[in-house]
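One letter stands for each residue in the lines below.
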Amino acid sequence: MKLVVRVIEARNLPAMDLNGLSDPYVRLQLGRNRFRTKVVKKSLNPSWGEEFSFWVEDLSEDLVVSVLDEDKYFNDDFVGQLRVPVSRVFDAEVKSLGTTWYSLHPKSKKSRSRDCGEILLNIFFSQNSGFMPLHSDDDHVPPLRKHPDVTIESPSRSFNGSSRSSSPMPSGMRMEDIGSKEEKLNAQKTIAGRIAQIFVKNGDLASCTSAGSIDSSELSETSIPEVYENKLEEQSSSCNFEESMKRMESTDQGNECLSNLPGGVLLDQLYVVASSELNSLLFAPDSNFPRALADLQGTTELQQGPWVFENGGDSLKRVVTYIKAASKLIKAVKATEDQTYLKADGKVFTFKAEVLYCITPGPEMPSGEQSSRLVISWRMNFSQNTMMKSMIEGGARQGLKDSYAQYGNLLAENVKPVDPKDAGSNKEQVLASLQAERQSDWKLAVQYFVNITVVSTIFAVLYVSTHIWIAMPSPIQGLEFVGLDLPDSIGEVIVCILLVIQGERVLKMIARFMQARAQKGSDHGVKAQGDGWLLTVALIEGSNLAAVDSSGFSDPYVVFTTNGKTRTSSIKFQKSDPLWNEIFEFDAMDEPPSMLDVEVLDFDGPFDEATSLGHAEINFVKTNLSDLADVWIPLQGKLAQACQSKLHLRIFLNNTRGNNVVKEYLTKMEKEVGKKINLRSPQTNSAFQKLFGLPPEEFLINDFTCHLKRKMPMQGRLFMSARIIGFHANLFGHKTKFFFLWEDIDDIQFETATLSSMGSPIIVMTLRKGRGMDARHGAKSQDAQGRLKFHFHSFVSFNVAQRTIMALWKARSLSPEQKVRIVEESESKSLQTEETGSFLGLEDVCMPEVYSSILSLPANFCVELFGGGELEYRVMQKAGCLNYSLTPWELDKDGIYVRQICYKFDKCVSRYRGEAVSTQQRSLLPDRNGWVIEEVLTLHGVPLGDHFNLHFRYQIEHAPSKGEACHIRVYFGIAWLKSTRHQKRISKNIHSNLQDRLKLMVGEVEKEFLTGK
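Residues numbered from 1 in each chain as written. Predicted model: local features only at pLDDT ≥ 70, side-chain atom pairs only at ≥ 80, totals over all residues. Heavy atoms only, no water.

Peer 1: Got a minute to help me understand the overall build of the chain in this structure?
Peer 2: Across its full length, the chain holds 22 helices and 41 strands. In the chain, which comprises 1013 residues, the proportion classed as buried is 45%. Just so you have it, the chain exposes about 54,200 Å², and 53% of that area is on carbon and sulfur atoms. (Helix = DSSP H or I, 4+ residues; strand = E, 2+ residues; numbered from the N terminus. Buried < 20%, exposed > 50% of the residue type's maximum accessible area, 1.4 Å probe, protein only. Areas by Shrake-Rupley, 256 points an atom, 1.4 Å probe, with all protein chains shown as cover.)

Rendered as structure tokens:
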């Protein structure tokens, strides 16, 4: 048997928190089954309106109802409780205690005097174990906020009896005989219940119902007249499904369709059928679709209850039961669905069981046929916390996906799905139906100027003019003279001031109107130029826009921005619900846009700053393009949220080049990266789109294996497309996945290798403030400005990854003006770095110190090693440099000298006898205590010599603490121009030879100093 408990509300609960309120919730327990309601915050008279069901196996048990106060940091506080014996409910009239207020009692007997408040409950036994009671006493119960769900249970534990709604009346039984049998059975009601309890414990019901007899247990619960009444009620409720829909339509309040459930979308498809016809196909009682689906999925014993109105006709509900076929992991189970219509207005049908079915009208097809869209989403509600929650959700998700894949295939056999190409071709038809609101200038002027300010000004002007006409000229007095008439009293001064202020306001309104008329429709109807990605935005209307003028209205206009390009709508005067019907096209783009920024502004004149009425961002990466074909966009901002402002838009994004646009984009990126980029296969792109939930137009450009640096490095893959950069890792079954837009990146920096990065350079991406919050679980840190920082390192090919990342970022996040500015800055960067002592991009090369020594000789003598004199020639010749030639030092900038050097290696230095060409730069240290010589050396005639450059920095400074001594430091680094597998081998060889060469050169300088001394 099924015991139903409705928790409605409570009153006069004691305050358990310091603020004088409580956060109460109710916990129900019967045997081992336990449920709880939601928490009502800060209330002493909470209202829950929730319903729970228990399967009763022992009538001697008690139903324990406890009210507790939720505490965030400590154990929940006990408020009060009560116990209701199940046998009391079973023995009650019609097996129901009705809707009753119960007093709550404390746990301790010592606190019996304390008032714990009261709770309103409705407790009854369901008269049909497979269905919720369709009549009961709902008229006495306030409307409940029911949470429809699916209850799964084993058939062996179902109290299934003989269904009164499906069992026919015995043809040979007369009414009087039935009445006499009813009296006897009513006298033995309790005994029959006890016997039924025994059979329920054994797991099966003792039922011997046949077509010609009625089971005694059935008659013990419900008399024959009640059976007739229930049958008549069910027949009248289900006799006409269309009339029920019309009744729902007549009571519809115009509320919006509910959003999808958080569990995910199981089916999203357009069908060439009217929404009302699709609704009838899926849910009408006489439809064959549910039976066909049950046969396809192996479901048995499908029983669909009648549609019955509840809560005074506010909702339409039915109960469906069936036995789900066994799978490899789970045996056959019995499912009970409480299905409820939440909305039915003739166009939109929102239906909710365990899943949410939303049927909405689709766009009209080019052939003139109607279409409708079916979206099915789901979620799982847990009555109790469990450690198996994720595993249960994962199993349910997979099962639902497989089940609704069959559902979609079967539906496609009954109703023709809409081809996306046909839906896209409907763009011209949809836009052609829009006609901008045409108003004459005179009509707008009357609408704009008919207000209290203008009317009062005109009245004042007429009044003053009439006064001047009938008044006599006043004599000249005081400081007046002919041609100058001054006010003669304080009142006249005040009147003059008011007239001037009023006239100024009217003149500003006239100037504002003329400026707005010049701007009217400036971008409406302007056709896009070029081929590529074409973005078309149709601005239909606005709703509940904020009023910022004293008149209670505003003068709104809308600005659309994408990829640095803007389009502006016309201004609508004195409107809170403006109607535009304007179309804006953006010039073709090489890559698909990521974001469309929408800003609604109030026009305040040509020189005043416009007031923002709200803004919105449309993310093309996270939004299905079919959803944007006709959408209401809620606006963000204080004014917009306070007024619940919205914009009605129709957005279309088309590619006029087909597959060529992808190839051309990759060709352009190859020039930026300096490496060929292969076009990925459709299967790879599809897997990439599925991995991150991206739209079909997104295509993969490149991917790299790397480590994400957080508390511990996590190995994964970094994926890059034209619009997003994403990371995915799967470590021991724990998946980490996120992505963000290239436009979200504010800065990219490269840090030198550290021990924590395993000797690899680090790429640090800093996002703009407030961006990338969906990916914050992958961020390493957050700076003082609230910007997220992501660290990536250990790339297999760091140079290729670096160039690819920089090329894609600059292509997406920078406007053409910014790109030109960066090129100019990069051209002037070499000049600026030369002025500051840095040379030829040395700051981009990691240059550790490789040699340091204090020499007992003056710094002026040591720097002669780079002076171009005899000392340099002798030292370099002994160091193995043949044919040593150089140019004299030439002044390049203030205090900076440059020269060129060329020589060949002796055979003892290099068996290849290669040639070295270097450029040196000399300048004083900032404190003028020494010199800095920087050198970039290129090797010719050496294997793999074109793969790298050698960078040196010699720093020579005075050492005053040592008398006539100097301190020489040498820094060295290798700049790799091309990738090779011999990098480590070459680096090791160069470092070992460099140490010997530096020691030899310094030793020769010391010998020359001692010899000359």
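Peer 1: Please explain unusual backbone geometry as it appears in this structure.
Peer 2: Generally, phi is negative for residues other than glycine and the peptide bonds are trans, each holding for most cases. Despite not being glycine, asparagine 544 has its phi angle at roughly 55°, a positive value. Of note, arginine 928 is a non-glycine position whose phi angle comes to about 55°, a positive value. Tracing the chain through its elements places arginine 928 in the loop between β38 (915-924) and β39 (930-940).

Peer 1: Explanation requested: the sheet that holds strand β2 (residues 24-30) in the structure shown.
Peer 2: The strands making up a sheet associate through backbone hydrogen bonding, with each pair oriented either parallel or antiparallel. If you trace the four strands from one edge of the open sheet to the other, you get β3-β2-β5-β6, paired in antiparallel fashion. For this open sheet the edge positions go to β3 (33-36) and β6 (77-85), each flanked by a neighbour on one side alone. Across the sheet, the axes of successive neighbouring strands diverge by a mean angle of 15°, strand direction being ignored. Taken together, the eight bridges between strand β5 (residues 62-69) and β6 define a ladder with antiparallel strand orientation. In the strand pairing of β6, serine 66 is matched with glutamine 81. (Pairing = 2+ DSSP bridges. Axes fitted to C-alpha atoms, helices over the stretch in contact; angles between N-to-C directions.)

Peer 1: Got a minute to help me understand a nonpolar patch on the surface in this structure?
Peer 2: A cluster of nonpolar residues, Leu479, Phe481, Leu484 and Leu486, forms a patch on the protein surface that exposes about 410 Å² of accessible area. For leucine 486, the position within the fold is in the loop between α13 (452-470) and α14 (490-519). The class of leucine 486 is partly exposed, set by a relative accessible area of 34%. (Patch = residues over 30% accessible without salt bridge, like charges linked within 9 Å, V, L, I, M, F, W, Y side chains within 5 Å. Salt bridge = Lys/Arg side-chain N within 4 Å of Asp/Glu carboxyl O.)

Peer 1: What is the right way to look at the nonpolar core in this model?
Peer 2: Nonpolar side chains tend to gather and get buried jointly when the protein is soluble and globular. Judged by nonpolar contacts, the single largest core of 70 residues is most densely connected at Phe560, Leu596 and Phe792. Of the residues forming this core, the biggest block, nine residues, is contributed by helix α18 (residues 798-813). Within the second largest apolar cluster, 43 residues are counted, among which are Tyr851, Met876, Leu950 and Ile990. (Core = buried A, V, L, I, M, F, W, Y, C linked by side-chain atoms within 4.5 Å.)

Peer 1: Help me out: how do you make sense of the environment of serine 757 in this one?
Peer 2: Tracing the sequence through the fold places serine 757 in the loop between β30 (745-751) and β31 (762-767). Along the primary structure serine 757 and histidine 791 are separated by 34 residues, whereas in three dimensions their C-alpha atoms are 9.7 Å apart. Not counting chain neighbours up to four residues away, the residues in contact with serine 757 comprise Ile762, His793 and Ser794. (Contact = heavy atoms within 4.5 Å.)

Peer 1: How do you make sense of the pattern of salt bridges when you look at a structure like this?
Peer 2: Side chains that differ in sign of charge can pair as their charged atoms come close. Enumeration according to the criterion identifies 21 salt bridges in this entry. A salt bridge links glutamate 1004 to lysine 878, with the nearest nitrogen and oxygen atoms 3.2 Å apart. Taken together, the positions of glutamate 1004 in helix α22 (residues 983-1012) and lysine 878 in helix α21 (residues 870-878) put the pair 126 residues apart, joining distant regions of the chain. A cluster of three or more residues bridged by salt bridges with shared partners is formed by Asp746, Arg768, Asp783 and Arg787.

Peer 1: Would you mind showing me how to read the packing of aromatic side chains here?
Peer 2: What describes a pair of aromatic rings is the distance from one ring centre to the other and the angle between the planes of the rings. Enumeration according to the criterion identifies 31 aromatic pairs in this entry. When the centroid spacing of 5.4 Å and the interplanar angle of 35° are considered together, the rings of phenylalanine 738 and phenylalanine 790 count as tilted. Placement of phenylalanine 738 in strand β29 (residues 734-741) and of phenylalanine 790 in strand β33 (residues 788-793) is noted, with a sequence separation of 52 residues between them. Accessibility assignment for this pair places phenylalanine 738 and phenylalanine 790 in one class, buried. These aromatic residues form a ring-pair network of at least three members: Phe283, Phe289, Tyr357, Tyr404 and Tyr407. Geometry around phenylalanine 78 places lysine 107 over its ring, the cationic atom sitting 5.0 Å from the centre. (Phe/Tyr/Trp six-rings, centres within 6.5 Å; stacked < 30°, edge-to-face > 60°. Lys NZ or Arg CZ within 6 Å of the ring centre and 35° of its normal.)

Peer 1: Where do I start with helix α16 (residues 660-673) in this structure?
Peer 2: Within an α-helix, residues lying three or four positions from one another point in the same direction, as the helix has 3.6 residues per turn. Along its 14 residues, α16 runs 20 Å from first to last C-alpha, staying within 8% of the 20 Å computed at 1.5 Å per residue. Taken together, the buried positions of α16 are occupied by Val661, Val662, Tyr665, Leu666, Met669 and Val673. Looking straight down α16, one finds its buried side chains confined to an arc of 130°; they lie on one side. A positive phi of about 80° marks glycine 674, the residue just after α16. (Expected span 1.5 Å × (residues − 1). Arc of directions from axis to C-beta.)

Peer 1: Would you explain the side chain of lysine 789 in this entry?
Peer 2: With respect to the element layout, lysine 789 can be found in strand β33. Despite being buried, lysine 789 has no salt bridge partner; aspartate 783 is the closest side chain of opposite charge, sitting 4.5 Å away. Within the structure, lysine 789 has its side chain in polar contact with the side chain of threonine 766 (distance 3.0 Å). (Lys, Arg positive; Asp, Glu negative; His and termini not counted. Polar contact = N/O pair within 3.5 Å; in protein donor to acceptor, adjacent residues only side chain to side chain.)

Peer 1: What is the right way to look at the pairing of strand β16 (residues 355-361) in this model?
Peer 2: Regular strands place side chains that alternate from one sheet face to the opposite one. The element β16 is extensively covered by neighbouring structure, given that six of its seven residues are classed as buried. Taken together, the seven bridges between β16 and strand β17 (residues 372-378) define a ladder with antiparallel strand orientation. Residue pairing for β17: threonine 360 is matched across the bridge by arginine 373.

Peer 1: Would you explain the sheet that holds strand β18 (residues 533-543) in this entry?
Peer 2: Here four strands make up an open sheet; going across it, the order is β21-β18-β25-β24 and the pairing antiparallel. The outermost strands of the open sheet, each flanked by one partner alone, are β21 (579-589) and β24 (631-634). Geometrically, the sheet is characterised by an average inter-axis angle of 30° between neighbouring strands, direction not taken into account.

Peer 1: Please clarify how the packing of α21 against α22 should be interpreted in this entry.
Peer 2: Two packed helices can be described by the angle between their axes and the distance between those axes. Relative to each other, α21 and α22 sit at 140°, their axes nearing to 9 Å. Looking at the two axes, α21 sits oblique to α22. In this structure, α21 meets α22 at a crossing whose hand is right-handed. Note on element contacts: α22 touches α21 through Arg997, Leu1000, Met1001, Glu1004, Val1005 and Glu1008, opposite Leu871, Arg874, Val875, Met876 and Lys878. Of the residues belonging to the contact of α21 with α22, the class tally is six nonpolar, no polar and five charged. (Parallel < 35°, antiparallel > 145°, perpendicular 65-115°, else oblique. Left-handed = near helix turned anticlockwise from the far one by under 90°. Nonpolar A, V, L, I, M, F, W, Y, C, P; charged D, E, K, R; others polar.)

Peer 1: Please clarify how the packing of helix α6 (residues 241-250) against helix α7 (residues 275-283) should be interpreted in this entry.
Peer 2: As a packed pair, α6 and α7 sit with axes 11 Å apart at the nearest point and diverge in direction by 125°. Here α6 lies oblique to α7, going by the angle between them. For the element pair α6 and α7, the recorded crossing hand is right-handed. Facing α6, whose interface residues are Phe241, Glu242 and Met245, α7 presents Asn279, Ser280 and Phe283. Taken together, the residues of the contact of α6 with α7 sort by class into three nonpolar, two polar and one charged.

Peer 1: I tried to follow α22 on my own but got confused; where do I start?
Peer 2: With 30 residues, α22 should reach 44 Å at 1.5 Å per residue; the first-to-last C-alpha distance of 43 Å fits that figure. The complete set of buried residues in α22 reads Ile986, Ser987, Ile990, Leu994, Leu998, Met1001, Val1002, Glu1004, Val1005, Glu1008 and Phe1009. Those residues of α22 that are buried are in contact with β34 (849-855), α20 (859-862), α21, β40 (948-958) and β41 (966-976).

Peer 1: Quick question: what am I supposed to make of the confidence of the model for the chain here?
Peer 2: Do not read the fine detail of predicted coordinates wherever pLDDT is low. Scored by pLDDT, the chain has a mean of 75; 74% of the residues are at 70 or more. Note on residues 822-843: pLDDT is under 50 here. Beyond four places in sequence and across chains, it has 27 contacts. (pLDDT = per-residue confidence, 0-100.)

Peer 1: What should I look at first to understand the side chain of serine 569 in this one?
Peer 2: Checked against the element boundaries, serine 569 lands in the loop between β20 (565-568) and β21. Polar contacts involving the side chain of serine 569 include one to the main-chain amide nitrogen of valine 558, which spans 2.8 Å.

Peer 1: What is the right way to read the environment of alanine 335 from this model?
Peer 2: The topology assignment puts alanine 335 in strand β14 (residues 333-344). Since its relative accessible area comes to 2%, alanine 335 is described here as buried. Note: C-alpha distance between alanine 335 and isoleucine 323 (twelve residues apart in sequence) is 6.1 Å.

Peer 1: Would you explain the pairing of strand β25 (residues 646-655) in this entry?
Peer 2: Burial runs high along β25: seven of the ten residues are buried. Sheet topology places β18 next to β25; ten bridges connect them, and they run antiparallel. Bridging from a neighbouring strand, serine 543 pairs with lysine 646 of β25. Relative to β25, β24 runs antiparallel, the two being bridged by four bridges. Bridge pairing in β25 links isoleucine 633 to leucine 647.

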